[in-house]
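Fold and contact review
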Amino acid sequence: MIYPHNATEKLGFIDIKQLIKSYCLSPMGQQMVDKIQLLNNFDHIHKFLSQTKEFKNILLNDSPLVINNFFDLKFLASKLKLEGTYLIEEELFQINLSLNTVFSVIQYFSEREDLYPNLEALFEHLPIEKSILKKIEAIIDIKGKIKPNASKELLELTSSLSKAEQEARKKIEQIFKSAQNSNWTADGNLTIRDGRLCIPILAENKRKLKGFVHDESASGQTVYLEPEEVFQLNNTIRDLEFDKRREIIRILIHLSNELRPFVPLLLSYHGLLTKLDFVRAKALFAIDIEAEMPLLSRNPEINLINARHPLLLLNFKKEKLSVVPLNIRIDDKQRIVVVSGPNAGGKSVCMKTVGLLQIMLQAGLLITVDERSTVGIFKQVFADIGDDQSIESDLSTYSAHLTKMKYFIENANSKTLVVIDEFGTGTDPQFGGPIAEAVLETLNQKQVKGVVTTHYSNLKVFANATPGLENASMLFNNLEMQPLYILELGKPGSSYAFEIAQKIGLPTSVLLAAKSKIGEHQKKVDTLLIDLERDKKELMDVRVSVEKRERQVKLLLEDNEKLRSYLEENKKIILKDAKIEAQNIIKNANKLIENTISEIRESSADKQKTQVLRQKLQVELQKNDVLPKPVKNLTEEELIKVGDWVKLIDSQTIGQVINVAKDNVILAIGDLRSVVKLKRVQKISDKSVPKEIRKSSYSSNLTESISQFSPELDLRGKRGDEAIYEIERYLDKAIMMGLSSLKIIHGKGDGILRKMIREYLRKFPHVNRMEDEHADRGGDGITYVYLV
């Protein structure tokens, strides 16, 4: 329940409904939007929110769900239901188009079974009765006209009518040509008058040709005459037309009788189309306002994270401005938030945002909050906003406020959300303040939740001392005298009345006089609030700076840890390889020494033989000496470049260089890519490369890829993960081919896919910069990517 009746208008919910109606494709969908109201059933609200969320996901990330034809099947079914009535060709064609839409929708979701369970529930157990289509399509063509062969009789009548028309046309053209040769005719050709084909004859010659005059020109100089010779032929044509029309009506009556048993099913199809149109409109509106589905709670509570007023968001979008998000919590411990602060500081927007988003959510609409937000269910929403004075009811502004307060006190409970703007105003503050305090105390005792805005100091003091009430203030930059539109919970705010008046330019003498008239205690309280706000802002700035530095330090530590792990891992691998190689050297050395000793013994330690064996042993040992590599200046021919063929020194593997980076080269070895140290490869000539290797080489594959590669990638209609996968493959090819720029088409929508793509591309060191296409050629629906 919402009280008073105009609260939805004051909070802006009527405007929200009008915006949703603009997205509907049919009057039936618009009628459903008009019926939107506050719901209290948790399961119903959750179902409606989930349906909208799923449809939003389809619009953003899935293939398009084509919904083109929406006609009022309910009206057609009601007409068909009556015995003795029949549907005309156009109405049958509308049923045909609507059913094609229904069946394509059901097919769409059948292909995605269990992916969108809440939307699938809309047509659960709904049969696909294609016999209706077959019956209609046997009679009606693709243009919505009855087929000439709809019946044997109609085909014969159509053929006879065509022959009679040709015969009559041929006869009258002969007479017309003869009259022209006799100069009896007026300017012009054969024309139709009263449904009959006539010859334009000059008035003075009308008696020279036998026939019937059907009309004359405005000047009276021309008469339109039907020759006597074709009169009977035209009568035959007219009779055949009547016969044809009677046969068409007979066919339509017969078809209508065949379709009459399907009236309940047509009404079910009508319900599905209407609901789809309704949910689609809600999803499109959600995309437009960047709405999400928060966590839904069965308890009456609110925890809004980064909430924004949807109407304000749309207005700011047009002006390319951003809305300062609102963060507020209302629960059993912090039931009523008392918001204070300067005029035009955002108090009323804060209060209206809470009220409007709550109504939207309980009406089944996604809301403009972070999806981590939590919103509960309230049985009642009470609002006191603006001036409701009434001459007819003899109510002043303050009387109207008191009337609402009386209703609030009598009817509010722990499941009521109350939003009150400028609480207690409209009368003498000396009396209005205490009355407002007493009302606030009563509402708090009833465990009511809500948001109230005020300038009254006694309410700020009362909220500070009373459990269940929480002070909050709209932050204000008192150095630049500008509101920050940020809600801060935990302390009241100053009204900054004197500071704002001074900025506006009120004379100093007037300000001094005003200050002298307020109490010393009030002046000290206001000054203290201002000083507290200034100190708090300075602390916030310091905190933000410290958090930023902490994040930087954390990133540096993470990078350092990654580097340490990488070096440690490489160290282990190098040591392992070195140990294995050393073991092999030792094994070989032992074997060589044993063989040498054996040969010396066999030669009985012959001096000459022993000397030869020692020299041989020394040669083998020198093979394992580690000598410093002399620095060699490479010639232009020896220098390894991209495209050169090389051979790995420690194997016979041949590869082609696709990149050179410092001491490393990236090789294409068949379909594999490998990073190898420059010192491990040796440049070879193209002729020494086998033909089979050259055919499957990187450069030949690259040439083929370049011929087939397009520097333009269209991602419209793809999901986020699909789009990222396509970009990753596409970017790898573009970098290998050495392209300087790419064109990525992602569409506009609400910018989610564009933002995701750009954030992903920023991670690539090869991406230099990104920019939008020219506004006339696609604007921010297309991103140009420039590579280094």
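Residues numbered from 1 in each chain as written. Predicted model: local features only at pLDDT ≥ 70, side-chain atom pairs only at ≥ 80, totals over all residues. Heavy atoms only, no water.

**Looking at the overall build of the protein chain**
This is how the line gets drawn: The secondary structure listing takes helices from DSSP runs of H or I that are at least 4 residues long and strands from runs of E that are at least 2 residues long, numbered from the N terminus. Think of it in three bands: residues with accessible area under 20% of the maximum for their type are buried, residues over 50% are exposed, and the middle band is partly exposed, with areas taken using a 1.4 Å probe on protein chains only. In what follows, a contact means two residues having at least one pair of non-hydrogen atoms within 4.5 Å. Residue burial considers only the protein chains on display, and all accessible areas are found by Shrake-Rupley using a 1.4 Å probe.
In terms of regular secondary structure, the protein chain is built from 24 helices and 24 strands. Burial status across the protein chain gives 40% buried among its 788 residues. Taking contacts inside the protein chain between residues at least 6 apart in sequence as the whole, the part at least 24 apart equals 68%. Accessible area of the protein chain: about 45600 Å², with a carbon and sulfur share of 53%.

**Considering unusual backbone geometry**
Put simply, Tyr3 and Pro4 share a cis peptide bond, and its omega is -5°. Despite not being glycine, Asn183 has its phi angle at roughly 60°, a positive value. You can see Asn183 is positioned in the loop between helix H9 (152-181) and strand E2 (191-193). With relative accessibility at 60%, the residue Asn183 sits in the exposed group.

**Side note on the nonpolar core**
Here is the rule: Among buried residues, the Ala, Val, Leu, Ile, Met, Phe, Trp, Tyr and Cys ones that are joined through side-chain atoms within 4.5 Å form a nonpolar core.
Phe13, Ile16, Leu304 and Met360 are the most contacted members of the largest nonpolar core, which totals 57 residues. With eight residues, helix H13 (residues 347-362) is the largest single contributor of residues to this core. Core analysis: the second largest hydrophobic core is formed by 49 residues, Leu87, Phe93, Leu119 and Leu276 among them.

**A few points about the confidence of the model for the protein chain**
To be explicit about the condition: Confidence scores per residue from the predictor, reported as pLDDT, run from 0 to 100.
Scored by pLDDT, the protein chain has a mean of 83; 87% of the residues are at 70 or more. Counted against residues more than four places away or in other chains, residues 389-394, with its pLDDT under 50, gives five contacts.

**Let's talk about the side chain of Lys347**
What counts, and what does not: In this charge count, Lys and Arg are treated as positive and Asp and Glu as negative; neither His nor the chain ends contribute. Whenever a carboxyl oxygen of Asp or Glu lies within 4 Å of a side-chain nitrogen of Lys or Arg, that contact is scored as a salt bridge.
Residue position: Lys347 is located in helix H13. Of the side chains bearing the opposite charge, Glu422 lies closest to the buried Lys347, which forms no salt bridge; the N-O distance is 4.4 Å. Once residues lying within four places of it in the same chain are set aside, the contact partners of Lys347 are Val339, Ser340, Gly341, Pro342, Glu422, Thr453, Thr454, His455 and Met474.

**Concerning the environment of Gln656**
Put simply, the test is: In protein, a polar contact means a hydrogen-donor-capable atom and an acceptor-capable atom, both N or O and within 3.5 Å, with residues adjacent in sequence counting only if both atoms are side-chain atoms; elsewhere, any N or O pair within 3.5 Å suffices.
With respect to the helices and strands, Gln656 occurs in strand E17 (residues 654-661). The exposure class assigned to Gln656 is buried, which follows from its relative accessible area of 3%. Counting along the chain gives 11 residues from Gln656 to Leu667, while the straight-line C-alpha distance between them is 5.4 Å. Among the polar contacts made by the side chain of Gln656, one reaches the main-chain carbonyl oxygen of Gly643 at a distance of 3.2 Å.

**Points about the sheet that holds strand E15 (residues 482-489)**
Heads up, the condition is: Strands are labelled as partners when DSSP assigns at least two bridges between them. Fitting a line to C-alpha atoms yields each axis, with helices limited to the stretch in contact; the angle taken between N-to-C directions then spans 0 to 180 degrees.
The strand order E1-E11-E12-E13-E9-E14-E15 describes an open sheet built from seven strands, whose pairing is mixed. At either end of the open sheet lies a strand with only one pairing partner, and these are strand E1 (2-3) and E15. Its contacts with the sheet put H13 on E1, strand E9 (334-340), strand E11 (380-384), strand E12 (416-420), strand E13 (449-453), strand E14 (468-477) and E15, and the angle it makes with E13 is roughly 155°. Docked against the sheet, helix H16 (residues 457-465) engages E9 and E14, running at close to 125° with respect to E14.

**Let's talk about the pattern of salt bridges**
Under the criterion given, the structure shown has 31 salt bridges. In this structure, Glu91 and Lys79 form a salt bridge, with 2.9 Å as the shortest nitrogen-oxygen distance. Highlighted residues: Glu91 in helix H6 (residues 89-110) and Lys79 in helix H5 (residues 73-81), separated in sequence by 12 residues. Under the relative-accessibility criterion, Lys79 is labelled partly exposed at 25%. Arg329 serves as the salt-bridge partner of Asp331, at 3.1 Å between the closest nitrogen and oxygen.

**Considerations on the packing of H9 against helix H10 (residues 228-259)**
Definition in use: Each angle receives one of four descriptions, namely roughly parallel if under 35 degrees, roughly antiparallel if over 145, roughly perpendicular if within 65 to 115, and oblique otherwise. Handedness of a crossing follows from how the near helix is turned relative to the far one, being left-handed for an anticlockwise turn of less than a right angle and right-handed for a clockwise one. Each residue receives one of three labels: charged for Asp, Glu, Lys and Arg, nonpolar for Ala, Val, Leu, Ile, Met, Phe, Trp, Tyr, Cys and Pro, and polar for the others, Gly being one of them.
Taken N-terminus to C-terminus, the directions of H9 and H10 make an angle of 160°; their axes are 9 Å apart at the nearest point. Of the possible angle classes, the one that applies to H9 and H10 is roughly antiparallel. Handedness of the crossing formed by H9 with H10: left-handed. Per-class residue counts for the contact of H9 with H10 are 13 nonpolar, three polar and 10 charged.

**Re the layout of surface pockets**
Keep this limit in mind: A cavity here means a set of points on a 1 Å grid, drawn over the protein atoms and nothing else, where a 1.4 Å probe fits but cannot get out; a pocket is an open set with protein on both sides within 12 Å along at least five of seven lines, and a residue lines either one if it has an atom within 4 Å of a point. Grid points are joined across faces, edges and corners, and a volume is the space filled by probe spheres set on the points.
Estimates place the volume of the largest pocket at around 810 Å³. For the largest pocket, the lining is made up of 26 residues, of which Glu290, Asp750, Gly751, Ile752 and Lys755 are closest to its centre. Counting only elements with at least two residues in the lining of the largest pocket, the list comes to helix H11 (263-288) and helix H24 (752-761). For the lining of the largest pocket, the leading source of residues is H24, giving six residues.

**Focus: the side chain of Ser26**
Along the chain, Ser26 turns up in the loop between helix H2 (13-21) and helix H3 (27-34). Side-chain polar atoms of Ser26 contact the side chain of Asp277, separated by 2.7 Å. Aside from chain neighbours lying at most four places away, what touches Ser26 is Phe70 and Asp277.

**So, empty space enclosed by the protein**
Tallying each qualifying case throughout the model produces three cavities of 30 Å³ or more. Along the walls of the largest cavity sit 14 residues, with Tyr398, His401, Met405, Phe423 and Gly424 positioned nearest its centre. At the level of elements, helix H14 (397-411) and helix H15 (429-445) are the ones that each hand at least two residues to the lining of the largest cavity. Here the lining of the largest cavity is built from residues that sort into seven nonpolar, four polar and three charged.

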